[in-house]
Amino acid sequence: MTGAPASLADRVSELRSAFDRAFAAPLRTETTTKIDLVAIRVGSESCAIRLAEIRSLFADSAITRIPGGNTALLGIANSRGELVPAYRLRTLLGLSGTGDSRWLVIAAAAPVAFACEAFEGHLRASAESILPRQSSGRMHEFATEFVRSGDVVRPIIALSSVIAALGTMPDAAASMVTQE
Amino acid sequence: MSVFSNWTIGRRLLAGFGLSALTLVVVAVVSYRNAGLLIENDSLVDHSHEVRLALENLLSEVTDSETGSRGYVITGDDSYLEPHTSALGAISNTLADLRKLTAEDPEQQRRIAAMSTEVDAKLADDKQHIDLRRSEGFDAAAKAVATNVGKANMDKLRAIVAGADQQERNLLRQRTEEAQASASMTQLIILLGGLLGTGAVCLIGWLITRSLANQIGSAVGQVRSSSTELQSAANQQASGAKEQATAMAEISTTISELLASSRQIAESAQRVAHSAEETANAARTGHGTVDMTNDSISGIRRQVDQIVSHMLELGKKSQEIGAVLDIVSELAEQTNILAINATIEAAGAGEAGKRFAVVAEEIRNLADRVGGSTKEVRGLIEDVRGAVNTTVMATETGSKAVDAGSRQFGDLASAFKAIANLVTTTTEAAREIELSTKQQSTAVEQVNVAVANVTQASVETETSAGQTLQTVSQMVSLSKDLLRIIQPHMAA
């Protein structure tokens, strides 16, 4: 019991010093080209999305369910005053899993929200670390690349291809997306 | 014969030899009586011969007196008077003997009296002649002799003596006849008695021999078969006695071991009694200790209740910390979302948003760290809550255990009382066992001594059985020999 408080105190001290260093350090300029990625979990699969394809990220946003036969469509969500359709990403990608899809990723290319199970962090990877992905199945249609972060290999989901796929679906919301 | 056959051997022998002895006794008595009669008769014969000899001597002495008187008359020589002088003394003695010998015969006494008269007259006549020769000479004396007075006296004397002698000869003849009759009777009795005794002995001997041969033969046969059976029995007895001696030796060994075991049991019972007393003391002490422990358990029960209360309070505080931590975590998450969105906006701002992007990244990093720390703290709080729950459950379990322990200690106290009582009973029982075992040891010692005696007796019985077997074998052989002697045809 004596070790834990000391460890917490060290952690707090470390956090404080890191926070102070952030304001004390001079502004750095990026010399290398980095690609920003958002690490998420879709179903039970750890994935990544290019930050450039995302307009915003929300959690626990209210979703209004609407009638329809599309099982991937959760409903309509409010994104900064704009109504956007919200799809369950794991259903669209054909992945298995359970749990509440409480995170909403708003696509930059179109006003569409994709619900995922967890937000796992922000990745900054070099262009060389992004490699083409060799696989088959429906997942391969939307993730042709992958990035390695630590020991985890994350497929990079191309939201543009997902949005393109939504255009072929005979759904009202999907047609609404395609009309815009 | 049926009566005779029922007689015992001793009675038969007694009857047989008694009859023979009776015959001999009759013969002996009769012979003795006849011998006595013969001896008495012989004595009487001798007596008669003595009387006759005395009569002859009297006549001879009177004749000597006459011869001396006449010689002196003729010669006048005194030396011729010596026969006369000698005869005077002898005649009186002879007459005295005759009176004595015929004292029981009155007729002879009367004759002797007559003889004495005649003798006295003759001696007086002789004396007269001698006196006349000496005083008046030969002639006067011869003249006196020639008077034949003396001759007449002698004739009378001879006649009286002849009569007395004739009576004695008659007595001799009568006694000789009686002696011969007695001897003949004795011979006849001896002959008849001998024949009768011999016949009786032969008859009795034959009867006894025949009956004894039958009965003794039968008895000997039975004795032989009985001896054979007895020999078999003696064999069995010998083997049985040997087995018994062996068994008794084993029993003696076993009893010795039993005695040692009894002594060990007595010692153990003594130790048990001692231990039971110590246990009783310990039980009483334990009872006091149990009471003290019961009080301590009550204190522990109160302390445990307080611990449970504190731990429940700690769990509640942990939940509150968790709630606060949820807020912190949510804030960190929101901060992270804002940072991400700021990064997105900064990227959309182009070159002007790069500095903002850096700041947003720092904020996001800080939010990440806060989120990580929040997770760690949540983990720790969960651990604390888990520990608290575990502790509460363990404490409640401990409380229940304490309650159960308290009840069990109550039961234990009762059990200690019961144990103390039982130990007291056990102590008494152990003492009784000790006493009983000592008595048993004494009894076993006595039994051991008795068994030793029995063992010795068994050995002696074995020896005796061997001797009995030997004796029985000799008896069998003896019965065969006896049967061979008595009934040769049956002995084969």
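Residues numbered from 1 in each chain as written. Chains lettered and ligands numbered in written order. Predicted model: local features only at pLDDT ≥ 70, side-chain atom pairs only at ≥ 80, totals over all residues. Heavy atoms only, no water.

Here we look at the overall build of chain B
For chain B, the count of helices and strands is 8 helices and 0 strands. Its C-alpha radius of gyration of 79 Å places chain B more than 25% over the 23 Å reference for a compact globule of 492 residues. With the C-alpha coordinates aligned to their principal axes, the bounding extent of chain B is approximately 260 × 65 × 40 Å. Of all 492 residues assigned to chain B, the portion counted as buried reaches 32%. A separation of at least 24 residues holds for 86% of the contacts in chain B among residues at least 6 apart in sequence. For chain B, the accessible area works out to roughly 28,900 Å², and carbon and sulfur atoms hold 60% of it. Each charge class in chain B was averaged separately, 44 positive and 60 negative side chains, and the resulting centres sit 4 Å apart. (Helix = DSSP H or I, 4+ residues; strand = E, 2+ residues; numbered from the N terminus. Rg over C-alpha atoms; globule rule 2.2 N^0.38 Å. Buried < 20%, exposed > 50% of the residue type's maximum accessible area, 1.4 Å probe, protein only. Contact = heavy atoms within 4.5 Å. Areas by Shrake-Rupley, 256 points an atom, 1.4 Å probe, with all protein chains shown as cover. Lys, Arg positive; Asp, Glu negative; His and termini not counted. Charge placed at Lys NZ, Arg CZ, Asp CG, Glu CD.)

What about the sheet that holds strand S5 (residues 73-79) of chain A?
Residue and element names in this part refer to chain A. With mixed pairing, 6 strands are arranged side by side in an open sheet as S3-S7-S8-S6-S5-S4. At either margin of the open sheet sits one strand with a lone partner, and together these are strand S3 (54-59) and strand S4 (63-64). Relative to strand S8 (residues 113-116), strand S7 (residues 103-107) runs antiparallel, the two sharing 4 bridges. Within S8, the residue paired with Val105 across the bridge is Phe114. (Pairing = 2+ DSSP bridges.)

Some points on the pairing of strand S12 (residues 152-157) of chain A
Residue and element names in this part refer to chain A. Where strand S2 (residues 45-50) and S12 come together, 2 bridges link them in parallel fashion. In the strand pairing of S12, Ile49 is matched with Ile157. In sequence, strand S11 (residues 145-149) turns back onto S12 through a hairpin of 2 residues, with Gly150 there showing a positive phi of about 70 degrees.

Looking at a negative patch on the surface
Residue and element names in this part refer to chain B. Taken together, the side chains of Asp42, Asp46, Glu50 and Asp97 define an acidic patch exposed on the protein surface. Among the elements that make up the negative patch, the one with the highest residue count is helix H2 (residues 9-75) (3 residues). Looking at the secondary structure, you find Glu50 in helix H2. (Patch = residues over 30% accessible without salt bridge, like charges linked within 9 Å, V, L, I, M, F, W, Y side chains within 5 Å. Salt bridge = Lys/Arg side-chain N within 4 Å of Asp/Glu carboxyl O.)

Side note on the interface of chain A and chain B
Taken together, the contact between chain A and chain B spans 22 residues of the former and 20 residues of the latter. With both sides pooled, the region where chain A packs onto chain B buries about 2,100 Å², and carbon together with sulfur makes up 61% of that total. Of the charged contacts, one joins A:Arg80 and B:Glu345 as a salt bridge, the two residues approaching to 3.2 Å between their closest N and O atoms. Applying the counting rule to chain A against chain B returns 5 residue pairs in polar contact (both at pLDDT 80 or more). Elements that contribute at least two residues to the side of chain A that touches chain B include exactly helix H1 (3-24), S3 and strand S9 (118-126) of chain A. Along the lines of polarity and charge, the residues of the side of chain A that touches chain B split into 14 nonpolar, 2 polar and 6 charged. (Buried area = accessible area lost by both parts, 1.4 Å probe. Polar contact = N/O pair within 3.5 Å; in protein donor to acceptor, adjacent residues only side chain to side chain. Nonpolar A, V, L, I, M, F, W, Y, C, P; charged D, E, K, R; others polar.)

Regarding the side chain of A:Glu53
Residues and elements named next belong to chain A. Of note, Glu53 is situated in the loop between S2 and S3. Although buried, Glu53 forms no salt bridge, and the nearest oppositely charged side chain, Arg50, lies 5.6 Å from it. Glu53 has contacts with Ile106, Ala107, Ala108, Ile157, Ala158, Leu159 and Ser160, leaving out every residue within four places of it along the chain.

Section: the side chain of B:Glu361
Looking at the secondary structure, you find B:Glu361 in helix H7 (residues 354-486). A polar side-chain atom of B:Glu361 sits 3.1 Å from a polar atom in the side chain of A:Arg124.

Topic: helix H3 (residues 82-101) of chain B
Residue and element names in this part refer to chain B. Across its 20 residues, H3 extends 28 Å between first and last C-alpha, which sits within 8% of the 28 Å expected from 1.5 Å per residue. Of all the positions in H3, only His84, Ala87, Ile91, Thr94, Leu95, Leu98 and Leu101 are classed as buried. Each element contacted by the buried residues of H3 is listed here: H2 and helix H4 (106-135). (Expected span 1.5 Å × (residues − 1).)

Notes on the packing of H4(B) against helix H6 (residues 149-348) of chain B
In helix packing, the relevant descriptors are the interaxial angle and the interaxial distance, both defined with respect to the helix axes. Residue and element names in this part refer to chain B. Running from N to C, H4 and H6 point in directions that differ by 160 degrees, and their axes come no closer than 9 Å. Between H4 and H6, the interaxial angle falls into the category roughly antiparallel. Remark: the crossing between H4 and H6 carries left-handed chirality. Of the residues in H6, those in contact with Glu107, Gln108, Arg111, Ala114, Met115, Glu118, Val119, Ala121, Lys122 and Asp125 of H4 are Val149, Gly150, Asn153, Met154, Lys156, Leu157, Ile160, Val161, Gly163, Ala164, Gln167 and Glu168. When its residues are assigned to classes, the contact of H4 with H6 shows 10 nonpolar, 5 polar and 7 charged. (Axes fitted to C-alpha atoms, helices over the stretch in contact; angles between N-to-C directions. Parallel < 35°, antiparallel > 145°, perpendicular 65-115°, else oblique. Left-handed = near helix turned anticlockwise from the far one by under 90°.)

A few points about the domain arrangement of chain B
The extent of an interface is frequently quoted as the accessible surface area lost upon association of the parts. All names here are of chain B. One can read the domain layout of chain B as domain 1 (2-224) and domain 2 (229-488). Placing a centre on the C-alpha atoms of domain 1 and another on those of domain 2 gives a separation of 135 Å. Taken together, the 8 residues of domain 1 in the interface contact 7 residues of domain 2. Interface of domain 1 and domain 2: buried area, both sides summed, is about 670 Å²; carbon and sulfur atoms make up 74% of it. Between domain 1 and domain 2 we count 0 salt bridges in total. Here domain 1 and domain 2 share 0 residue pairs in polar contact (both at pLDDT 80 or more) between them. Per-class residue counts for the side of domain 1 that touches domain 2 are 4 nonpolar, 3 polar and 1 charged. (Domains from an automatic or database assignment.)

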